[in-house]
Amino acid sequence: MNHPAAVYPIDPDFAANARVTREDYERQYAESVNDPAGFWGKVADRLDWFTKPTKIKDVSYDLADFRIHWYEDGELNASVNCLDRHLDERGDKTALIFEHDDPSQPAERITYRELHARVCKLANALRSLGVRKGDRVTIYLPMIPEAVVAMLACARVGAIHSVVFGGFAPQSIADRVADCQSKLIITADEGLRGGKKVPLKANVDAALKLGGTNTVETVLVVRHTGSAVDMQMPRDRWYDAVVDEQPTQCAPERMNAEDPLFILYTSGSTGKPKGVLHTTGGYLVYASYTHEVVFDLREDDVYWCTADVGWVTGHSYIVYGPLANGATALVFEGVPNYPTVSRFWEVIDKHQVTLFYTAPTAIRALMRDGDEPVKKTSRASLRLLGTVGEPINPEAWRWYYEVVGDSRSPIVDTWWQTETGGILITPLAGAIDLKPGSATKPFFGIQPALVDANGGRLEGEAEGNLVLLDSWPGQMRTVYGDHARFIDTYFRTYPGTYFTGDGCRRDADGYYWITGRVDDVINVSGHRIGTAEVESALVSHPKVAEAAVVGFPHDIKGQGIYAYVTLIAGEAPTDELHKELVAHVRKEIGPIATPDHLQWAPGLPKTRSGKIMRRILRKIAENAPDQLGDTSTLADPAVVESLVRERRVP
Ligand code: WTA
């Protein structure tokens, strides 16, 4: 990020009608941090509560007395807030626009009234299958309306959903099902992405043959592509057969604000992915409020977030935020480059999208194909652009701004995490001047700070580890089934603060520039992969003795996966084994964890106590052998020389 920090001042036309102006921002921000309970108490009025909360905030990051509670005496139901309360005024408004993978298929428009009926029917079906408040339901679906319906139906009956991204392999599904002991899985015969079929039901079948999954009583299967799949009765039931006969009304469960809404698994530094748990009241307040303010939402907007519901961005900014706000949200089944690299822009024109939210990796990939595929479309409907998931390099930002947005639409570069439930650092387009590559300033109530490795607070212009000094309603509450891991991961490193795992720079204007993960998480195309997960997949292969995995800079993906592999004695490295190991990782985790480079390592650089020196491996992967630093503490410094010599040049 060593680019001159150009400033793109607030667009006066945008500011004239914006929800938040510069003065509003300064005033409301001050209010939000000086009196969080007062501020968030008022914001909570945006939801419909069965019982209005009177206790707004009860938080302590002190480990001796740790607690995070928001709105703890309030009662509500998330699906009621996303559906029922809109029926009077917006019953005939389009809630979802469904755009198929195949553009020749007619798009589907689903009104709030229709969506309500579909959710109620599935909710009734879930109850008839024995699903009760607090039960866990795994959702493994493509980007089709049923994914949204399934999440809201769980919310309606108080079941905790765990959405598993459709790109994950059977072992990853099984791990997630086993961890939260799901009672029911909702899947489809197949998914469809870029014209290719994804065998979702077959993956579920394979997952359910693996250990720890025998809590699953029922698998509901949506007919999507219509291909034949194995149905194992009575476990497997066709979704339509179970749902069609159900009534279109369903009494919602009364949920306490702190009752769980969902679990979403995400990768961390160590071990298996952890089940990030979000609760009902605080999460919904935060997701809906940030969605309205950050995207400057108006009643007639057509909003499109290109994320998959398998990630938190899909949860907060396709489903819960937009629907709680009564917005029209587009659900896209496909990919940016199918059938052509103009697809995104064609969809924007076709549905007159006004607010568009995507990932830097998609922008970088499309930028490579030049301006023409963009320029041949109109995009005149757009009024705001957003990015999320990883740092955006200023070149990609400018291309997005100038070519996609015709230098008309401000860009909100939104920084947040699965753990945070919603956007924490972001421009508000009517209030904050933009700088390409910077997520700019904290949202209301968010107090970022930078600390050095010892936890010392860094003031003014500085670079360090990003922590947050106080809670916000959308904060995760625990790691499902492992509260100690929650505390250890986020609250022990820098006591009294929430540690984000990100590095960050603050410039002279107080703008925040996220520099990327400082832990052992790799951000591949905006998707988090733990190095430990890829390593454990590699060593589960019988010919692998040891593996170490690091990230390296990648032009399109942001970061790529670089694996060092030591074979067991007697095994020789071959091209075939190379392919086999890459395929093995894909099979164990899923295609998103495919190593970009795999280097044979006769040995790995270790300290004398046996700890792998990842810093050195990262430098070799980055092709910066001159920056290896001190190698004298290594048990066998010669290992490094041979790794540098044998480096696989990308
Ligand atoms: C990174 C995605 C820079 C960051 C919502 C964070 C970003 C991780 C940005 C969380 C951004 C997300 N600029 N980096 N605008 N947004 N990140 O949990 O490293 O999938 O910690 O949540 O993505 O990824 P997650």
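Small disclaimer: the values here were computed from a predicted structure and weren't measured.

Novice: Kindly report on the overall build of the protein chain, identifying the contributing residues and their values.
Specialist: Secondary structure assignment for the protein chain yields 21 helices and 31 strands. A compact globule built from 650 residues should have a C-alpha radius of gyration of about 26 Å, and the protein chain, at 24 Å, falls within 12% of that. On the principal axes, the C-alpha backbone points of the protein chain span a range of 75 × 60 × 60 Å. Per-residue burial over the protein chain gives 62% buried out of 650 residues.

Novice: Can you lay out helix α14 (residues 360-367) for me, pointing to particular residues and giving the numbers?
Specialist: Along α14, 6 of the 8 residues are buried, which leaves the element largely enclosed by surrounding structure. Of the positions making up α14, those classed as buried are P360, T361, A362, I363, R364 and L366. Those residues of α14 hidden inside the fold are in contact with α13 (343-351), β18 (355-358), β19 (384-388), α16 (394-404) and β30 (558-567).

Novice: Explain the packing of helix α11 (residues 280-294) against helix α12 (residues 312-324) to me, using residue names and the numbers behind them.
Specialist: To characterise two packed helices, one gives the angle between the axes of the helices and the distance between these axes. The geometry of α11 relative to α12 is characterised by a closest axis approach of 8 Å and an angle of 90° between their N-to-C directions. The orientation of α11 relative to α12 falls into the category roughly perpendicular. Contacts from Y283, L284, A287, S288, T290 and H291 of α11 reach α12 at H315, S316, Y317, Y320, G321, P322 and A324. Looking at the contact of α11 with α12 residue by residue, the class counts come to 7 nonpolar, 6 polar and no charged.

Novice: Give me the site of the ligand: which residues, what numbers.
Specialist: Around the ligand sit 17 residues, and of these D413, T414, T418, D502 and R528 come closest. Residue T418 places a side-chain N or O atom 2.6 Å away from an oxygen atom belonging to the ligand. Contacts to the ligand include D502, whose side-chain N or O atom sits 2.6 Å from an oxygen atom. In isolation the ligand exposes 530 Å². Once the protein is present, 96% of that is buried. Those elements that provide at least two residues to the shell around the ligand are α12, β20 (411-414) and β26 (512-517). Here the residues of the shell around the ligand are counted per class, giving 6 nonpolar, 6 polar and 5 charged.

Novice: So what's going on with the pattern of salt bridges? Residues and values would help.
Specialist: A complete count under the given rule lists 48 salt bridges for this structure. The salt bridge partner of E390 is R364, with a shortest N-O separation of 2.8 Å. Pair noted here: E390 is in the loop between β19 and α16 and R364 is in helix α14, with a separation of 26 residues, a long-range link. You can call R364 buried: its relative accessible area is 9%. K435 is paired through a salt bridge with D507; the nearest N and O atoms lie 2.7 Å apart. Taken together, the residues span a long stretch of sequence, with K435 in the loop between β20 and β21 (448-451) and D507 in the loop between β25 (498-506) and β26 at a distance of 72 residues. Each member of the pair K435 and D507 is classed as buried. Several salt bridges share partner residues, and in doing so they unite K201, D205, R235 and D236 into one network.

Novice: Describe the pairing of β18, naming the residues involved and giving the relevant values.
Specialist: Side-chain alternation along β18 places L355 and Y357 on one buried face and F356 and T358 on a second face that is also buried. Note: strand β16 (residues 302-305) against β18, 3 bridges, orientation parallel. Across the sheet, the residue bridging to W304 is F356, located in β18. In terms of strand pairing, β18 meets β19 through 4 bridges, oriented parallel. In the strand pairing of β19, F356 is matched with L385.

Novice: Explain the UniProt feature "binding site: CoA" (unreviewed entry) in the protein chain to me, and be specific about the residues and the numbers.
Specialist: Mapped onto the present numbering, the UniProt feature "binding site: CoA" (unreviewed entry) falls at R193, G194, G195, K196, T313, N337, S525 and R586. In sequence the annotated residues extend across 394 residues, and in space they extend as well, their farthest C-alpha pair lying 23.9 Å apart. The topology assignment puts G194 in the loop between β9 (191-193) and β10 (196-198). Looking at the element boundaries, T313 is found in helix α12. Non-local contacts of T313, meaning those with residues more than four positions away in its chain, are made with C305, A307, I318, Y357, V388 and W416.

Novice: An account of the sheet that holds strand β11 (residues 218-222) is needed here, citing residue identities and associated values.
Specialist: Across the sheet, 8 strands lie side by side as β12-β11-β8-β6-β7-β14-β15-β24; this open sheet has mixed pairing. Two strands close off the open sheet at either side, each with one partner strand: β12 (236-238) and β24 (478-479). Relative to β12, β11 runs parallel, the two being bridged by 3 bridges. Each residue of the ladder has a partner; that of V221, found in β12, is W238. Seen against the sheet, helix α7 (residues 145-157) touches β6 (136-140), β7 (160-163), β8 (184-188), β11 and β14 (260-266) and runs at an angle of roughly 175° to β6.

Novice: Outline the UniProt feature "binding site: Mg(2+)" (unreviewed entry) in the protein chain, supporting the account with residue identities and numerical values.
Specialist: Annotation from UniProt places "binding site: Mg(2+)" (unreviewed entry) at V539, H541 and V544. Tracing the backbone shows V544 in strand β29 (residues 544-554). If we skip the residues at most four places from it in the chain, V544 touches L538, V539, V565, T566, L567, I568 and L581.

Cut-offs used in this document
- Note on numbering: residues in each chain are counted from 1, in written sequence order.
- Residues qualify for local features only when their pLDDT is at least 70, as the model is predicted, and side-chain atom pairs are given and counted only at 80 or more; totals for whole chains, interfaces and linings, by contrast, use all residues.
- To get the side-chain values, all heavy atoms of the structure are used, and hydrogens and water are removed first.
- Only DSSP runs of H or I covering at least 4 residues are called helices, and only runs of E covering at least 2 are called strands; the numbering of each starts at the N terminus.
- The globule rule is 2.2 Å times the number of residues to the power 0.38, and the radius of gyration it is compared with is taken over C-alpha atoms.
- When accessible area is computed with a 1.4 Å probe and restricted to protein chains, residues below 20% of their type maximum are described as buried, those above 50% as exposed, and intermediate ones as partly exposed.
- Should any heavy atoms of two residues lie within 4.5 Å, those residues are considered in contact.
- The convention used is that axes are lines fitted to C-alpha atoms, helices contributing only their stretch in contact, and that angles between N-to-C directions extend from 0 to 180 degrees.
- When an angle is under 35 degrees it counts as roughly parallel; over 145 it counts as roughly antiparallel; between 65 and 115 it counts as roughly perpendicular; any other value is oblique.
- When residue character is reported, Ala, Val, Leu, Ile, Met, Phe, Trp, Tyr, Cys and Pro are called nonpolar, Asp, Glu, Lys and Arg charged, and the others, Gly included, polar.
- Here a residue is near a molecule or strand as soon as one of its heavy atoms is found within 4 Å of it.
- We call two N or O atoms a polar contact when they sit within 3.5 Å, provided that within protein one can donate a hydrogen and the other can accept it, with sequence-adjacent residues counted only if both atoms are side-chain atoms.
- The Shrake-Rupley method, run with a 1.4 Å probe sphere, supplies the accessible areas, and residue values consider only the shown protein chains as cover.
- Salt-bridge detection follows one rule: a side-chain nitrogen of Lys or Arg within 4 Å of a carboxyl oxygen of Asp or Glu.
- By the convention used here, strands pair only if DSSP detects at least 2 bridges between them.
- UniProt positions are given in the numbering used here, feature names are shortened, and annotations may be inferred rather than shown by experiment.

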